[in-house]
Amino acid sequence: MEAEIDARSTLLRDSPLFRSLEGAEINRLVELSEIQEYSPGETVVVEGSMGDAIFLLYDGELSVHILGTGGRDITLAQVNSQGAFFGEVALADPGPRSATVRADGESVLLMLSLEALEVFFGEFADAQVVILRNIARVLAQRLRESNVLVASIASDSSSA
Amino acid sequence: MSPELEVLSSSPLMHGMGEEELGSILSTMERRIYEVGDRIVEEGRPSDCLFILADGVVDVVKGEGDQAVLLKTLDERGDFFGEMALIDILPRSANVYASGETRILAFPKQVLTTLFSRVPRVQMTLVLNIARNLSLRLREADTLILELSRGS
């Protein structure tokens, strides 16, 4: 049990989402977190459903999908490195999930529900802005990458 | 209400901010005027300011010369750019050019940081609005990538 709690706190502490949090804050998040197990083919998050939790990958392999035109399934990304996370947008921007996440292999996730996070922010008010800034940083990084991709595709097609 | 306060309160970046908080943010402002073709933000340079459009039009452009790609045009009062400066310390990710005579409200990061330590709620609201906007733009960018790659 203790080893498992250590593993959870390491997972949280090493995540860019929880960067700069204090030890006591990490410990409380560990208490509020929940371990979830998924079998291959099971969906963790469904595109269009309301986002109500953040997930960190403990072990396993998942993939991110969106519905393309005509219901075509498009795979956007693989989630397979420990500490990888998804669902974090829900915290900054509550609304429908933008993609479906499905387990490809036996997967173990650490889940933090928005409800649990509300409790946490009630106790550690300063942590909220830290986590939001971390999320914004992650989003900014992804946006920078997407913009590089847009620019490279656009300049390829204009020079072709 | 002063014209600048009107610009601020119309900006999505200030959503949820009280009048007193808007006033405190306004006290950190610098007014700037740019002419057609002026570069307001230079890709690769350190990020030190947040900008809100008071009047005019700006183009957000990635790369230069033959490689330049227009990412976005901002033309609404209250539109903002350079906000990533407030959340990371990476260099500017794109160029921003004035495409007409443009009036800008600039907010130096250093002065804003001092304000944040005095009024933490201002930081919380700003960061939340920035995160929301980033998530929206990320969705837009990803849709665009899908469309572009389908077209090619």
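First, a word on what this report is: a plain description of the structure on this page. (Residues numbered from 1 in each chain as written. Chains lettered and ligands numbered in written order. Predicted model: local features only at pLDDT ≥ 70, side-chain atom pairs only at ≥ 80, totals over all residues. Heavy atoms only, no water.)

**Observations regarding the overall build of chain B**
Then, number 1: Assigned secondary structure in chain B consists of four helices and eight strands.
Then, number 2: Beginning at the N terminus, the succession of helices and strands in chain B can be written as α-α-β-β-β-β-β-β-β-β-α-α.
Then, number 3: For 152 residues, the compact-globule estimate of 2.2 N^0.38 gives 15 Å, and the C-alpha radius of gyration of chain B, at 16 Å, lies within 12% of that figure.
Then, number 4: Here chain B holds 152 residues, and the buried ones make up 49% of them.
Then, number 5: Summed over all atoms, the accessible surface of chain B reaches about 7,500 Å², with 51% contributed by carbon and sulfur. (Helix = DSSP H or I, 4+ residues; strand = E, 2+ residues; numbered from the N terminus. Rg over C-alpha atoms; globule rule 2.2 N^0.38 Å. Buried < 20%, exposed > 50% of the residue type's maximum accessible area, 1.4 Å probe, protein only. Areas by Shrake-Rupley, 256 points an atom, 1.4 Å probe, with all protein chains shown as cover.)

**Quick look at the packing of helix α1 (residues 3-10) of chain B against helix α2 (residues 19-26) of chain B**
All names here are of chain B.
Then, number 1: For the pair α1 and α2, the least separation of the axes is 10 Å and the interaxial angle reads 115 degrees. Where α1 crosses over α2, the handedness of that crossing is right-handed. Counted together, Glu4, Leu5, Leu8 and Ser9 of α1 and Leu22, Gly23, Ile25 and Leu26 of α2 form the full contact between these two elements.
Then, number 2: Tallied by class, residues from the contact of α1 with α2 come to five nonpolar, two polar and one charged. (Axes fitted to C-alpha atoms, helices over the stretch in contact; angles between N-to-C directions. Left-handed = near helix turned anticlockwise from the far one by under 90°. Contact = heavy atoms within 4.5 Å. Nonpolar A, V, L, I, M, F, W, Y, C, P; charged D, E, K, R; others polar.)

**Let's talk about the pattern of salt bridges**
Proximity of charged atoms lets side chains of opposite charge pair with each other.
Then, number 1: Scanning the entire structure with this criterion turns up 15 salt bridges over all chains.
Then, number 2: Taking the shortest distance from any N to any O, the salt bridge between B:Arg32 and B:Glu30 comes out at 3.1 Å.
Then, number 3: Residue B:Arg32 is classed as partly exposed on the basis of its relative accessible area, which comes to 26%.
Then, number 4: Residues joined by salt bridges that share partners form a network here, namely A:Arg28, A:Glu31 and A:Glu123. (Salt bridge = Lys/Arg side-chain N within 4 Å of Asp/Glu carboxyl O.)

**Considering the sheet that holds strand β1 (residues 34-38) of chain A**
All names here are of chain A.
Then, number 1: If you walk across this open sheet you meet the four strands as β1-β8-β3-β6, and the pairing is antiparallel. A strand with exactly one partner marks an edge of an open sheet, and here the two such strands are β1 and β6 (85-86).
Then, number 2: Pairing of β1 with strand β8 (residues 107-113) involves five bridges; the strand directions are antiparallel. In the strand pairing of β8, Tyr38 is matched with Ser107.
Then, number 3: On top of the sheet, helix α1 (residues 2-14) reaches β1, β3 (53-59) and β8; it is set at about 115 degrees to β3, its chief contact. (Pairing = 2+ DSSP bridges.)

**Let's talk about unusual backbone geometry**
Then, number 1: Of note in this structure, A:Ser20 is not a glycine but carries a positive phi near 75 degrees.
Then, number 2: When you line up the elements, A:Ser20 lands in the loop between α1 and α2 (23-32).

**Examining the packing of α1(A) against α2(A)**
Residue and element names in this part refer to chain A.
Then, number 1: Where α1 contacts α2, the axes come no closer than 9 Å and their chain directions differ by 120 degrees. When the axes of α1 and α2 are compared, the crossing they make is right-handed. Taking contact as the criterion, the partners of Ile5, Arg8, Ser9, Leu12 and Arg13 in α1 are, on α2, Ile26, Leu29 and Val30.
Then, number 2: The residue makeup of the contact of α1 with α2, split by class, is five nonpolar, one polar and two charged.

**A word on the interface of chain A and chain B**
Then, number 1: At the interface, 31 residues of chain A touch 30 residues of chain B.
Then, number 2: Counting each side, the surface lost to burial between chain A and chain B is near 2,900 Å², with a carbon and sulfur contribution of 72%.
Then, number 3: Looking at the side of chain A facing chain B, the largest losses of area belong to A:Leu143, A:Arg144 and A:Val150, adding up to 21% of the total buried there.
Then, number 4: Across the chain A-chain B interface, the total number found is zero salt bridges.
Then, number 5: Counting the contacts that link chain A with chain B gives two residue pairs in polar contact (both at pLDDT 80 or more). (Buried area = accessible area lost by both parts, 1.4 Å probe. Polar contact = N/O pair within 3.5 Å; in protein donor to acceptor, adjacent residues only side chain to side chain.)

**Focus on the pairing of strand β7 (residues 95-98) of chain B**
All names here are of chain B.
Then, number 1: Relative to β7, strand β2 (residues 39-41) runs antiparallel, the two sharing two bridges. Bridge assignment links Val41 to a residue of β7, and that residue is Val96.
Then, number 2: Note that strand β4 (residues 58-62) and β7 share four bridges and pair antiparallel. The residue of β7 that forms the bridge with Val58 is Ala98.

So, to be careful, I would describe these as geometric facts and stop short of saying anything about function.
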